[in-house]
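Chains, contacts and geometry: an overview
What follows is each chain in one-letter form.
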Amino acid sequence: MSEATEVRVYQPSQDMVSNAAVSGMDAYKALCAEAERDYEGYWARLAREHVTWQTPFTRTLNEDNRPFFKWFEDGKLNVSYNCLDRNIEAGLGDKTAIIFEADDGTVTRVSYSDLLVRVSRLANALRSKGVKKGDRVVIYLPMSIEGIVAMQACARIGATHSVVFGGFSAQSLRDRISDAGAVMLITADEQCRGGKNIPLKPIVDEAFGMGGCESCKTVIVYKRTGGACNMVAGRDVWLHEALEGQADTCEPEWVEAEHPLFLLYTSGSTGKPKGVQHSSGGYLLHAILTMKWTFDIKPSDVFWCTADIGWVTGHTYITYGPLACGSTEIVFEGVPTYPDAGRFWKMIQDHKVTVFYTAPTAIRSLIKAADANDAVHPKSYDLSSLRILGSVGEPINPAAWEWYYQNVGGSRCPIVDTFWQTETGGHMITPLPGATPMVPGSCTLPFPGIQAAIVDETGNDVPWGQGGILVVKKPWPSMIRTIYGDPDRFVKSYYPADFQGRYYLAGDGAIRDAKTGYFTITGRIDDVLNVSGHRMGTMEIESALVAHPLVAEAAVVGRPDDLTGEAICAFVVLKRSRPTGDEAKQIANELRNWVGKEIGPIAKPKDLRFGDNLPKTRSGKIMRRLLRSIAKGEQITQDTSTLENPAILDQLAQTL
Ligand code: WT7
């Protein structure tokens, strides 16, 4: 942060400070100091207080085989028991667990007791189809109660779920089923978004048709719309039929703390997405702790995380965290702009939401809509129930922060700008709403116990005020355990030799404020883009492009975008001559759609440009820094003397 920028500090209200779980900065510092004094003792205390164990653990952290750390390893638990049974035993059986609002506005409420019955019946159905502890089950479902039930049912029987976002293509789905060696897939006939029914099951059939899904013997299909749906005899079974005659109770499978609760595929800097593997005990602990401390969740709260269960945010802050805390949460099937861009505000008003957690991209697009139409402006709704706001997925620009604070939070609600990743399981750097003074654009300070730091290329700490590489110096309970089937890649990606394998490498750059030590994330330092809070590997998109018969070579970079944070910009060399005019536009569209089919619509390049070649160094390396400048429309100031053909820079600078 430069000296010149005016830094506005927002203090949490006195009322918030007095009532919050972590009340005031002294309480925050006391927790950090406790972790500093006795790191294992700190986490052990919290794990005993917040998680219900069937067999208590005696060993907190095992570092013998670093970086394959183990937490609470001799303890046994069941995550679904912690989310359901223990709440019912505590008298919350009749409490609403989920308020589901469908795309068309239909509302369904499910109590904790209802939810346990639904989870138990599906868990029994899975067992009857031969799913055992440790088996992988892929879940390809829209936002639904069924989606949460499916995840919890897997947890109940110790099966490891791998949720695939409903926007991913057949190819992406196939790759994930195949990599995980899944034995079962749970999907739906169609999904409903923005007033449209979008077929899902045909994508599943296409994925199976590609080969490589042979491990997957059963496909369970949730009838969401009743639209036409092809069922493959011997493989496909309707969910309602699978549930017929299943008992309402299901003994949980007590698993070791390290038992893999789920895999979740995420993009890395190489072409192939990585199956991030999470544990049961350590993961659950952090889901609970962050609900209690970051969101200050109380029994009377109505919590709403707008993420999809296909992303980690949906895992931790829809399926597991809120339920493990016995809270009431909103689950939303639709999109923020249907029937109009006031949908979020109307739902907050209707359901009296108290804690609201969304992404900067959504806020930015709703600002635009509100500016254009008062009827969808938050001021046209009663949002007085709100008490805490959250942001996640990408840096929130100060202007969007201020708007969110004033217009949604009525200048009353703290905003928790939560920095974390698929790999971290839960919040890593975030304000605590009753403690941390907030600075727009900064995720402020590490969650108590998390040893976040900024280092240089050799792993030495850099002074505050100087940018560097974000690392975590000590293992923490909810961290990634491995990359499924590829432990070497896990080590190389997260515990690289650069730091002698000492630190977890987040993959982001960051800087700490010279005075306050507050963290600001400056963006990825690897070839990973963040488009609307969705993580995309540039190589993944490049591989998709070069798989097209017309394409000889492709390079993908990101450029800043007002709405989506970053936008995907692809530079393409065709096997034929460089197209121009309408033909270029037409081929660009074809390539965009191709990428949409290969990966999913979120991966479609916004900008696409053609050149006779790509700018390369003498050794043949693509000069990505140069491409990033061109993508931004900047004048080229870099040294281009090594370029074979400088004229291509002019070609690539031309927009279609
Ligand atoms: C990457 C992780 C965290 C769950 C959703 C995304 C970026 C995430 C923030 C934030 C600045 C953020 C980082 C990170 N990111 N939250 N509050 N401020 N950047 O999970 O898909 O694994 O992406 O998202 O670049 O590395 P993910």
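So, a few notes on the structure that sits alongside this text. None of the values given here were measured: they were computed from a predicted structure.

Right, let's talk about the overall build of the protein for a bit. The helix and strand inventory of the protein stands at 19 helices and 30 strands. Against the globule reference of 26 Å for 656 residues, the protein gives a C-alpha radius of gyration of 24 Å, in line with a compact fold. Seen through its C-alpha atoms, the protein measures out along the principal axes to roughly 75 × 65 × 60 Å. Of all intrachain contacts in the protein linking residues separated by at least 6 positions in sequence, the fraction that spans at least 24 positions is 70%. Just so you have it, the protein exposes about 24500 Å², and 50% of that area is on carbon and sulfur atoms. One way to put it: in the protein the 68 positive side-chain charges average out to a point 1 Å from where the 77 negative ones average out.

A word on the site of the ligand. In the vicinity of the ligand there are 17 residues, among which D417, T422, D508, R524 and R535 approach most closely. T422 is positioned with one of its side-chain polar atoms (N or O) 2.6 Å from an oxygen atom of the ligand. Between R535 and the ligand, the recorded distance is 2.7 Å, taken from a side-chain N or O atom to an oxygen atom. When the ligand is considered free in solution it has 560 Å² of accessible area, and contact with the protein chains removes 94% of it. Listing elements by their share of the shell around the ligand, those giving two or more residues are helix 11 (312-324), strand 20 (415-418) and strand 25 (519-524).

It helps to recall that an α-helix has 3.6 residues per turn; residues three or four apart then point in one direction. Spanning 17 residues, helix 5 (residues 112-128) covers 24 Å between terminal C-alpha atoms, matching the ideal 24 Å at 1.5 Å per step. Where helix 5 is concerned, the buried positions are Y112, L115, L116, V119, S120, L122, A123, N124, A125 and L126. Residue G130 follows helix 5 closely and has a positive phi angle near 95°.

With that settled, consider the nonpolar core. If you look at the biggest cluster of nonpolar residues, it comprises 162 residues, and the most contacted ones within it are W43, L126, L185, L470 and V572. Sorting elements by how many residues they give to this core places helix 6 (residues 145-157) first, with nine residues. Discounting chain neighbours no more than four positions away, the residues touching V572 are L545, V551, E553, A554, L591, L608, R609, F610 and G611. Membership of the second largest hydrophobic core comes to 33 residues, among which are I363, L383, W401 and Y405.

By the definition in use, this model includes 39 aromatic pairs. When the ring of W71 is compared with that of F72, the centres are 5.6 Å apart and the planes differ by 50°; the resulting orientation is tilted. F72 matches W71 in its accessibility class, with the two residues each being buried. The interplanar angle of 90° and the centroid separation of 5.9 Å between the aromatic rings of Y283 and Y320 together place this pair among those described as edge-to-face.

What the eight strands build is an open sheet, ordered 12-11-8-6-7-14-15-23; its pairing is mixed. For this open sheet the edge positions go to strand 12 (236-238) and strand 23 (482-483), each flanked by a neighbour on one side alone. The pairing of strand 8 (residues 184-188) with strand 11 (residues 218-222) spans five bridges and is parallel. In the sheet register, L185 faces strand 11, and the bridge partner there is V219. Sitting on the sheet, helix 8 (residues 201-209) touches strand 6 (136-140), strand 8, strand 11 and strand 12, and the angle it makes with strand 8 is about 150°.

What follows deals with unusual backbone geometry. The step from R66 to P67 runs through a cis peptide bond, and the omega angle for that step is 0°. Within the element layout of this structure, P67 appears in the loop between strand 1 (61-62) and strand 2 (70-71). Cis rather than trans, the peptide bond between Y338 and P339 has omega equal to 0°. A positive phi angle is found at S532, which is not glycine, with a value near 55°. You can see S532 is positioned in the loop between strand 26 (528-531) and strand 27 (534-537).

Further remarks concern the side chain of H161. Among the structural elements, H161 can be located in strand 7 (residues 160-163). A distance of 2.7 Å separates the side chain of H161 from the side chain of Y320, its partner in a polar contact. If we ignore the near neighbours within four places in the chain, the residues touching H161 are V137, I139, M151, C154, L261, F262, L263, H315 and Y320.

Should their charged atoms come close, side chains of opposite charge can pair. Applying the stated criterion to the full structure yields 37 salt bridges. Two residues, R364 and E394, come together in a salt bridge whose shortest N-O distance is 2.9 Å. In this pair, R364 is assigned in helix 13 (residues 360-372) and E394 in the loop between strand 19 (388-392) and helix 14 (398-408), connecting sequence segments 30 residues apart. Residue E553 pairs with K616 through a salt bridge whose shortest N-O separation is 2.8 Å. Residue E553 is found in strand 28 (residues 551-561), and its partner K616 is found in the loop between strand 30 (607-610) and helix 18 (624-632); the two are separated by 63 residues along the sequence. For E553, a relative accessible area of 23% corresponds to the partly exposed category. Each of K201, D205, R235 and D236 takes part in a single network of salt bridges with overlapping partners.

Basis of the calculations
- Every residue gets a number counted from 1 within its own chain, in the order that chain's sequence is written.
- Local features in this predicted model are restricted to residues of pLDDT 70 or higher, and side-chain atom pairs are both shown and tallied only at a pLDDT of 80 or more, whereas totals for entire chains, interfaces and linings draw on every residue.
- To obtain the side-chain values, all non-hydrogen atoms of the structure were used and water was disregarded.
- Helix and strand definitions follow DSSP, with helices as H or I runs of at least four residues and strands as E runs of at least two, each counted in order from the N terminus.
- Throughout, radius of gyration means the C-alpha value; the globule benchmark is 2.2 Å times the number of residues raised to the power 0.38.
- Contacts are residue-level and defined by heavy atoms, with any inter-residue pair within 4.5 Å sufficient.
- Each accessible area value is a Shrake-Rupley result obtained with a 1.4 Å probe; residue values ignore everything except the protein chains displayed when judging cover.
- Under the counting rule used here, the positive set is Lys and Arg, the negative set is Asp and Glu, and His together with the chain ends is not counted.
- For this purpose, a charge sits on NZ of Lys, CZ of Arg, CG of Asp or CD of Glu.
- If even one non-hydrogen atom of a residue comes within 4 Å of a molecule or strand, that residue is called near it.
- Whenever a nitrogen or oxygen atom comes within 3.5 Å of another N or O atom, the pair is scored as a polar contact, on the condition that within protein one atom can donate a hydrogen and the other can accept it, and that pairs from neighbouring residues in sequence are kept only if both atoms are in side chains.
- By this rule the span expected of a helix is its residue count minus one, scaled by 1.5 Å.
- The buried label applies to any residue whose accessible area, calculated with a 1.4 Å probe on protein chains only, is under 20% of its type's maximum; exposed applies above 50%, and partly exposed to all values in between.
- Buried Ala, Val, Leu, Ile, Met, Phe, Trp, Tyr and Cys residues form a nonpolar core when they are joined through side-chain atoms within 4.5 Å.
- Under the pairing criterion, centres of Phe, Tyr and Trp rings, with the six-membered ring standing for Trp, must be within 6.5 Å; the plane angle then separates stacked pairs below 30 degrees from edge-to-face pairs above 60, leaving the rest tilted.
- Two strands pair if DSSP finds at least two bridges between them.
- Axis angles are defined between N-to-C directions and span 0 to 180 degrees, where every axis is a line fitted to C-alpha atoms and, for a helix, only to the segment in contact.
- A carboxyl oxygen of Asp or Glu within 4 Å of a side-chain nitrogen of Lys or Arg is what we treat as a salt bridge.

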